Amino acid sequence: MFDHKYLKLLLFSTTIVLLLSSCKNEFKGSDYVAYFGGEIVNPNAPFVLFCKDNEVIDTLKLDKDNRFFIKFDSLAPGLYTFKHEPEYQYVYFDKNDSIMVNVNSKDFDGSLIFCGRGDEKNNFLMDLYLRNEKDKNNMFEVFDYDIDKFTKTIDSSYAENKAFYNKNKEIINWKKDFDNFAKAAVDFHHYSKKEIYPIIHKLRTGNDIYEKLPKDYYKYRETIDFNNETLNSFSPFVLYLSHMLNNMGAINYHNHYTEVDLALKTNINKMNIADTLIKNEKVKNTVLNNIAFTYLLEDQNMVNNQTFLAAYHKFSTDKSKKNEIIKIGNAIKLLKVGNPLPEVSLVDTNGNTISSNIFVKKNTVFFFWSEKAESHLLAVHKRVMAFKTKYPNWQFVAINLNDNHEDWLKVLVHYNFKGITELHSKDFEDLKAKWAITKIYRTIVLDNNGKIKNAFTNIFDVNFEDNLK
């Protein structure tokens, strides 16, 4: 059967063939001229961000046909990312590559194709990513297996991925620098499964498998360069380190602690291990930031947050103003009980900009949602409707995150949530910085003077109703 992706590639290629053919003869042996462009079908925003190591290099505006294009007079070979919020993917450039992408935002990863000079290695990396994602989706029952069956199953899929990797490496004949990422995408996907297995197996079956693991079960760790700076922003490597630290940092005598205290001690333990294991400052800071983000996503109490952040600052050497953890930490300090909620700008359904301070005259609950988490969208509104009936003296304010204004309005029309004040975040970065919003599950409760009663709660918490009494 003819692959529809290649038909799409053929059709897309006809729109840029003159561009690419005109580029190929311009390259000189000493220059690093490169080209990047493409088309976004069903765009979420009027631009694409081109990034390196999480830093934005350029903002590429879409034209009237939803296409973008840029010529780089000098682009160093290496791994980059292009982002069309909220999605992103990698693109690898060798010297003088000229790469075009076509992607439908409704199925970002599944629709993405590359063409032009340098397309083969990028299509390989994308195909491998999709293989790994499919494998992840088939892993749920596998974690229930005993150690022998589990090992046999994942070793089989690892062998298939290695065969896929070796075949493409021979055909494409890519360079050593790219091989660093290609091999990592194969290896760390496999290693991650081995790290996750003991934890998930115990959670799902109740059986502690640690004592039954073969003595050489973690032998692969000896082959890993934990200080590999070139992989510092590559998600298979970063995710593996996260899984490994979750595994190594677990505290077995957990019955001695409350749930929130256990989370605090476990995450500080993980940072201790990272500090000992990783000597490269850039890699270590990335790992510490990931630990901090994960921890601060949870509903911790204010005292534990401050204790955790003090430990984070002890280990991290990243003191820049761009450090998101520092921003979140600064926001958390302002969100103490009794403090006024910092002001942010919001947008109502008529497109008017309003201040969050207009809600200070009445007991208020702020909750958050996004169309991209539809099950949460429905559940949180249903729960709020119940609270609204039971507590008529409280006002409930829904704030949409991430979705563009037009999509937000379409959702409201479709669901027609009556009696709830619906607003849209005008500047998510400002809201995130001032209210320490890192997830949609956060809920903020204010008293009738606009003072904070609880800035770190969850409307689905069994004890949430205590905040309304």
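Just so we're clear, the structure is a prediction, and the values are computed from it rather than from any experiment. (Residues numbered from 1 in each chain as written. Predicted model: local features only at pLDDT ≥ 70, side-chain atom pairs only at ≥ 80, totals over all residues. Heavy atoms only, no water.)

Caption draft 1: Molecular detail of the side chain of Thr443. On the secondary structure map, Thr443 appears in strand E14 (residues 443–446). On the basis of relative accessible area, Thr443 is assigned to the buried category, the value being 1%. A polar atom in the side chain of Thr443 sits 3.1 Å from the backbone nitrogen of Ile459. With residues near it in sequence (within four places) discarded, Thr443 still touches Val365, Phe366, Asn454, Ala455, Phe456, Thr457, Asn458, Ile459 and Phe464. (Helix = DSSP H or I, 4+ residues; strand = E, 2+ residues; numbered from the N terminus. Buried < 20%, exposed > 50% of the residue type's maximum accessible area, 1.4 Å probe, protein only. Polar contact = N/O pair within 3.5 Å; in protein donor to acceptor, adjacent residues only side chain to side chain. Contact = heavy atoms within 4.5 Å.)

Caption draft 2: Highlighting the side chain of Ser157. Along the polypeptide, Ser157 turns up in helix H5 (residues 147–172). Side-chain polar atoms of Ser157 contact the side chain of Lys193, separated by 3.1 Å. Setting aside residues up to four positions removed in sequence, Ser157 forms contacts with Asp135 and Lys193.

Caption draft 3: Main features of helix H8 (residues 259–277). End to end, H8 covers 27 Å across 19 residues, agreeing with the expected 27 Å (1.5 Å per residue, within 8%). Turning to H8, its buried residues number three or more, namely Leu264, Thr266, Asn267, Lys270, Met271, Ile273 and Ala274. (Expected span 1.5 Å × (residues − 1).)

Caption draft 4: Highlighting unusual backbone geometry. Of note, the bond from Glu85 into Pro86 is cis; its omega dihedral lies within 30 degrees of zero at 5°. We note that Asn173 has phi near 60°; this positive angle belongs to a residue other than glycine. Along the chain, the position of Asn173 falls in the loop between H5 and helix H6 (176–205). Taking relative accessible area as the criterion, Asn173 reaches 62% and is therefore assigned exposed. For Asn416, which is not a glycine, the phi torsion comes out positive at approximately 55°. Mapped onto the elements, Asn416 comes out in the loop between helix H13 (405–415) and strand E13 (421–425). Since its relative accessible area comes to 47%, Asn416 is described here as partly exposed.

Caption draft 5: Just the packing of aromatic side chains, in detail. Tallied over the full model, the rule gives 37 aromatic pairs. Relative to Phe93, the ring of Tyr80 lies with its centre 6.0 Å away and its plane at 90°, an arrangement referred to as edge-to-face. Note that Tyr80 is positioned in strand E5 (residues 78–84) and Phe93 in strand E6 (residues 87–93), a separation of 13 residues in sequence. Looking at Tyr80, the relative accessible area reads 4%, which means it is buried. The interplanar angle of 50° and the centroid separation of 5.5 Å between the aromatic rings of Phe387 and Phe464 together place this pair among those described as tilted. Here Phe387 is found in helix H12 (residues 374–390), whereas its partner Phe464 is found in the segment after strand E15 (452–457), with 77 residues between them in sequence. Phe464 gets classed as buried once you look at its relative accessible area, which sits at 1%. Three or more aromatic residues joined by ring pairs make a cluster, and in this case those are Tyr88, Tyr90, Tyr92, Phe124, Phe164, Tyr165, Trp174, Phe178, Phe181 and Phe234. Positioned over the ring face of Tyr80 is Lys52, at 4.8 Å from the centre of the ring. One Lys or Arg, Lys149, reaches over the ring of Tyr145 and ends 4.1 Å from the middle of that ring. (Phe/Tyr/Trp six-rings, centres within 6.5 Å; stacked < 30°, edge-to-face > 60°. Lys NZ or Arg CZ within 6 Å of the ring centre and 35° of its normal.)

Caption draft 6: Structural detail: the sheet that holds strand E9 (residues 345–347). Spatial ordering of the open sheet is given by E10-E9-E13-E12-E11-E14-E15, a layout of seven strands whose pairing is mixed. With partners counted over all chains shown, the strands left at the sheet margins are strand E10 (353–355) and E15, one partner each. For this sheet, the mean angle separating the axes of adjacent strands, direction not counted, is 30°. Its contacts with the sheet place H13 against E9, strand E11 (364–369), strand E12 (395–400) and E13, and it is angled at close to 160° to E13. (Pairing = 2+ DSSP bridges. Axes fitted to C-alpha atoms, helices over the stretch in contact; angles between N-to-C directions.)

Caption draft 7: Structural view of the environment of Thr266. Of note, Thr266 is situated in helix H8. Not counting residues up to four positions away in its chain, the partners in contact with Thr266 are Gly249, Ala250 and Ile251.

Caption draft 8: Summary view of the nonpolar core. Core analysis: the biggest nonpolar cluster contains 73 residues, and Phe366 and Trp435 have the highest contact counts within it. Considering every element that reaches this core, the biggest residue donor is H6, with eight residues. With sequence-adjacent residues up to four places away left out, Trp435 is seen in contact with Leu335, Leu341, Pro342, Val344, Ser356, Phe366, Phe368, Ile399, Arg442 and Ile444. If you look at the next biggest cluster of nonpolar residues, it comprises 22 residues, including Phe72, Val91, Val103 and Leu112. (Core = buried A, V, L, I, M, F, W, Y, C linked by side-chain atoms within 4.5 Å.)

Caption draft 9: Layout of the sheet that holds strand E4 (residues 67–72). Pairing is mixed across the open sheet formed by four strands, whose spatial order is E4-E1-E7-E8. Either end of the sheet is taken by a strand with one partner, and the two such strands are E4 and strand E8 (113–117). Each strand axis lies, on average, 15° off the axis of its neighbour in the sheet, ignoring direction. Helix H4 (residues 119–137) contacts strand E7 (98–104) and E8 of the sheet and is inclined by roughly 160° relative to E8.

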